[in-house]
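Structural description and commentary
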Amino acid sequence: MKSGFYSLFQAGGDQDPDDGEAYGLAILAHFKDGRFVGVDQGGCKVSGEYEFDSDDRVAMRLIYDFKAGSQMPDGSTLVADQRLEADLLLAPGAAEGEPQPIDIGLGPMFIRLNWLAGPV
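Here we summarise the structure given alongside this text.

Calculation criteria
- Residues numbered from 1 in each chain as written.
- Predicted model: local features only at pLDDT ≥ 70, side-chain atom pairs only at ≥ 80, totals over all residues.
- Heavy atoms only, no water.
- Helix = DSSP H or I, 4+ residues; strand = E, 2+ residues; numbered from the N terminus.
- Patch = residues over 30% accessible without salt bridge, like charges linked within 9 Å, V, L, I, M, F, W, Y side chains within 5 Å.
- Areas by Shrake-Rupley, 256 points an atom, 1.4 Å probe, with all protein chains shown as cover.
- Salt bridge = Lys/Arg side-chain N within 4 Å of Asp/Glu carboxyl O.
- Buried < 20%, exposed > 50% of the residue type's maximum accessible area, 1.4 Å probe, protein only.
- Pairing = 2+ DSSP bridges.
- Phe/Tyr/Trp six-rings, centres within 6.5 Å; stacked < 30°, edge-to-face > 60°.
- Polar contact = N/O pair within 3.5 Å; in protein donor to acceptor, adjacent residues only side chain to side chain.

**Section: unusual backbone geometry**
In this structure, D33 is a non-glycine residue whose phi angle is positive, near 50°. Its place among the elements puts D33 in the loop between β2 (24-32) and β3 (35-39). Phi angles above zero are rare outside glycine, and D56 is one such case at about 70°. Residue placement: D56 occurs in the loop between β4 (45-52) and β5 (58-66).

What follows is the structure, encoded as structure tokens:
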């Protein structure tokens, strides 16, 4: 995974992960030296750590701080701030934009990472 800025797009688990129209921008994040930080379009913060395992998969520890009023993938709206923590193991192609199935406790989704620019 190259250091730099990435956009992370998400799609609900019932949508085709190869259909670009099924995705919405979820997060703009900066990855560098095993750590990442970012925000989503609702102002929620995401942060965590990442590393590659011996099979070139991306192991991530994700911390997502949702703001009250955030709309969840199931259509519900949070009435209070909430923190979600999850461990993900993404396939080697994740850093190259390959769709990845995930479930972080919000129901099944697909994500796609797209590299935007180098680190600052």
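Structure's up, so let's keep going.
**Points about a nonpolar patch on the surface**
Taken together, the side chains of L28, V39 and L116 make up a nonpolar region of the molecular surface, amounting to roughly 250 Å² of accessible area. Topologically, V39 is positioned in strand β3. For V39, a relative accessible area of 41% gives the class partly exposed.

**Quick word on the pairing of β5**
Here β5 shows a clear split, with V58, M60, L62, Y64 and F66 buried on one side and none of A59, R61, I63 and D65 buried on the other. Both β4 and β5 contribute to a ladder of 8 bridges, which runs antiparallel. Counterpart to V46 in the pairing with β5 is Y64. Linking β4 back to β5 in an antiparallel pair, the connection comprises 5 residues, with D56 at a positive phi of about 70°. For β5 and strand β6 (residues 82-90), the ladder comprises 9 bridges, and the chain directions are antiparallel. Note on β6: the bridge partner recorded for Y64 is L84.

**Some remarks on the packing of aromatic side chains**
The geometry of an aromatic ring pair comes down to the distance between the two centres and the angle between the two planes. With the rule as written, the count across this model stands at 4 aromatic pairs. Between the aromatic rings of Y6 and F31, the centroid separation amounts to 5.2 Å while the plane-to-plane angle is 75°, which identifies the pairing as edge-to-face. Here Y6 is found in strand β1 (residues 4-12), whereas its partner F31 is found in strand β2, with 25 residues between them in sequence. For the pair Y6 and F31, one class covers both residues: buried.

**Quick look at the side chain of Q100**
By secondary structure assignment, the location of Q100 is in strand β7 (residues 100-102). The class for Q100 is buried, based on a relative accessible area of 3%. At 2.8 Å, the side chain of Q100 forms a polar contact with the backbone nitrogen of A91.

**Considerations on the pattern of salt bridges**
Note that side chains of opposite charge can pair when their charged atoms are close. Scanning the model with the defined rule gives 6 salt bridges in all. Note that R61 and D87 form a salt bridge whose closest N and O atoms lie 3.1 Å from each other. You can see R61 sitting in strand β5 and its partner D87 sitting in strand β6, a full 26 residues away along the chain. Given a relative accessible area of 32%, R61 falls into the partly exposed group. On the basis of relative accessibility, which here comes to 58%, the residue D87 falls in the exposed class. By sharing partners, the salt bridges in this structure join D53, D55 and R57 into a single network.

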